[in-house]
Amino acid sequence: MNRKNRIAIGALFLTSLTAAAWARMEYAGSTLWTRMNHLKISGNHAYCSFANGLAVLDVSDKKNIKLVSRLYLGGGADIEIKGTWAFLPLADKGLAVVDIAAAKRPVLKATLALAGTCSAMALAGDYAWVAAGEAGLHGIDLRRPAAPKLCQTIDTPDVAAAVAVQGHYAYVADGRTGLLIYDVKNPRVAVLAGKCAMPGTAAAVAVRGDYAFVAAEDSGLQIIHIGIAAAPHLVASYPASSSARAVTLSPDGKYAFVSNHYEGGVQILDVSNPQAPVLAGPKEPGGMEAWGILLKDNCAYVADEFIGLTVFDMSNITEPKPLGDYFTPASITCAAAAKDMIHAGGDYSGFNVLDIRNPALPELKGFFADTRRAHSFAVKGNFVFMSDRFQDFWVFDLANPVEPKPGKSIDLPGSSRKIVVQGDYAYVTADNYGLHIVNISDPVNPVLAGSIQIGGFAYDLDVQGDYAYMAKSDASKLMIFDVRDPKAPLLAGQLKTPGEAYGVSVRGDYAYVADGGKGLQVVDIREPAAPKIVGACDTPGFAFDTALAGDAVYVADDKMGIIKIDIANPALPKIADSLDTPGEAVDLFVDGNYLVVADTYSLIVLKK
């Protein structure tokens, strides 16, 4: 579904919701935040913008960085601080103004709706300039911080990705246009003063004296003379280690730190002669996905979307030494419930054991690091079974949740994905193979009982009674297996769906299929050999997963968040509610009065 159609359908959904009698979903809490974008430091605290909002860290001891507080905002692409106020562009949710007078209790004071995708900002006295992608550049009046006002929007030629301010000029990294220079002496009537084309796509900009330093993605760092605003011109370039996405200048202006995406790390360049930049730091800067850098007191604070915050001692510019870090997971893509605990993981994110008895303050209880790509969890008593793309089938003893103890792991043909436990058996889907059934009557000694080979991608799975129901995305099928004999599962029936079958939940006579771009499909399964679609409901995004509760099915709808669908009449499913999440909602389950969502950027708890 294209972007314009999504917007139109989303507006239609919102209109229809006003008449709905359903209880609305509400945010309750979140944890395991990833995607740290930028930070600012004030005193002993680092104020960090995450994709979910604001996190405050105590950095007084660089070797022991501690979380002080979190404030969920539903977005957070950049951050600026002025006195006791923090300002955060929230991507498509506008601008947030947060009172940070008490670091332990930051308070959202105002939000300002703005057009576009607000990705970066710069302060200039009582005004802020916000780069908002295709919407251009917004000028914001902050003379009353708790009541920000939009005073001007400039429609830039391409995509306004970043902005820096020096004197009465604003310098805008405008994608393929290059660098734009605006005279903002009068913030209500900014005037284009000059522009400079350059190789690559302008993604970020830093300014010092007569030069602007522009991170231009694959074309690396571009250095532009801006001494005459009306006649800026390119004077030098330096190639990127991968894709230059951000640039920060040292306080003395001698060095430029260039953040590179795609494991390009941080390049440290000597720009004391801006017309002849040279590499000053390590020759091999790889190993990180840096998005933001802050330099203070001879330390470099590097915000990395996959691993969090790392602090380096920069006493020797050629050999930065790590001092400490605040670790965040790379992604959260799967979760499962067990008693009072939640298990969650994702790509290179370990196995996390969480206590969510207080949904507003989920607490990490235990962690096991040595997993690479967790796909699914299932529970039996004190044992947790986890599928891992590289290790296939793990068994953990959680008699002590604080210390998950790995037991026996077994290799299974294909690449394991979804695990469902029923009685003494674990049912496991496997990409490039099919379905496995593992005997777990002795959890510490799992044994493969039987398999059926079908090839291709085997995504989600539900097991009810004598049948296992598999969502097979590559063939766009719901596949039904007779599993009465675990040693010899049989294909009982199958149905081609109109989209891409990624998720499935079964109750009674119906299977509810998350069908990718075609939303929800309701399938009558009373005759396993001849399943048939009896109802459908399109969703604005890409349907990945489903969960059932009462007369509702909840759909993890990728970038559109969670969609709640009324299935009181399975033949006429209707959207009842929706709630956007910061990341991409890909997995979810119901836990009592709550809905737990893995949305790649975090684990989110919603009151359903």
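Residues numbered from 1 in each chain as written. Predicted model: local features only at pLDDT ≥ 70, side-chain atom pairs only at ≥ 80, totals over all residues. Heavy atoms only, no water.

Draft legend 1. Focus on the environment of Val68. Along the chain, Val68 turns up in strand 5 (residues 66-72). On the accessibility criterion, Val68 (26% relative accessible area) is partly exposed. As for Val68 and Leu279, which are separated by 211 residues in sequence, their C-alpha atoms are 37 Å apart. The residues touching Val68, leaving out its near neighbours within four places in the chain, are His45, Val56, Leu57, Asp58, Ala103 and Lys104. (Helix = DSSP H or I, 4+ residues; strand = E, 2+ residues; numbered from the N terminus. Buried < 20%, exposed > 50% of the residue type's maximum accessible area, 1.4 Å probe, protein only. Contact = heavy atoms within 4.5 Å.)

Draft legend 2. Local environment of the pattern of salt bridges. This structure, assessed with the given rule, holds 18 salt bridges. For Asp577, the salt bridge goes to Arg24, with nearest N and O atoms at 2.7 Å. Remark: Arg24 occurs in the loop between helix 1 (3-17) and strand 1 (26-31) and Asp577 occurs in strand 53 (residues 574-579); sequence separation between them is 553 residues. On the basis of relative accessibility, which here comes to 0%, the residue Asp577 falls in the buried class. When its relative accessible area of 45% is taken as the criterion, Arg24 is described as partly exposed. The residue Asp126 makes a salt bridge to Lys82 at a minimum N-O spacing of 3.0 Å. On the criterion of sequence distance, the pair formed by Asp126 in the loop between strand 10 (120-124) and strand 11 (127-131) and Lys82 in strand 6 (residues 80-82) is long-range, its members being 44 residues apart. Given the relative accessible area of 36%, Asp126 is considered partly exposed. Connected through salt bridges with shared partners, the residues Asp92, Lys93 and Asp580 form a single ionic network. (Salt bridge = Lys/Arg side-chain N within 4 Å of Asp/Glu carboxyl O.)

Draft legend 3. Structural context of unusual backbone geometry. Positive phi values are uncommon outside glycine, yet Ala91 reaches one of about 60 degrees. With respect to the secondary-structure elements, Ala91 resides in the loop between strand 7 (85-89) and strand 8 (95-99). Phi angles above zero are rare outside glycine, and Tyr348 is one such case at about 50 degrees. With respect to the element layout, Tyr348 can be found in the loop between strand 31 (341-345) and strand 32 (351-355). With a relative accessible area of 45%, Tyr348 lands in the partly exposed category.

Draft legend 4. Here's a closer look at the sheet that holds strand 50 (residues 545-549). Within the open sheet, the four strands sit side by side as 50-51-52-53. Their pairing is antiparallel. Two strands bound the open sheet, and with one partner strand each, they are strand 50 and strand 53. The sheet shows a mean angle of 25 degrees between the axes of neighbouring strands, taken without regard to direction. One ladder, built from five bridges, connects strand 52 (residues 562-566) with strand 53; its direction is antiparallel. Within the sheet, the bridge partner assigned to Ile565 lies in strand 53 and is Ile575. (Pairing = 2+ DSSP bridges. Axes fitted to C-alpha atoms, helices over the stretch in contact; angles between N-to-C directions.)

Draft legend 5. Structural view of the packing of aromatic side chains. Inspection of the entire model under this criterion finds 15 aromatic pairs. On the numbers, 3.7 Å between centres and 10 degrees between planes, the contact of Tyr27 with Tyr72 is stacked. With Tyr27 in strand 1 and Tyr72 in strand 5, this residue pair connects regions lying 45 residues apart in the sequence. Put simply, the rings of Phe351, Phe368, Phe377, Trp394 and Phe396 touch in pairs and so form one group of aromatic residues. One Lys or Arg, Arg35, reaches over the ring of Trp291 and ends 4.5 Å from the middle of that ring. The cationic tip of Arg70 hangs over the ring face of Trp33; the distance from NZ or CZ to the ring centre is 5.4 Å. (Phe/Tyr/Trp six-rings, centres within 6.5 Å; stacked < 30°, edge-to-face > 60°. Lys NZ or Arg CZ within 6 Å of the ring centre and 35° of its normal.)

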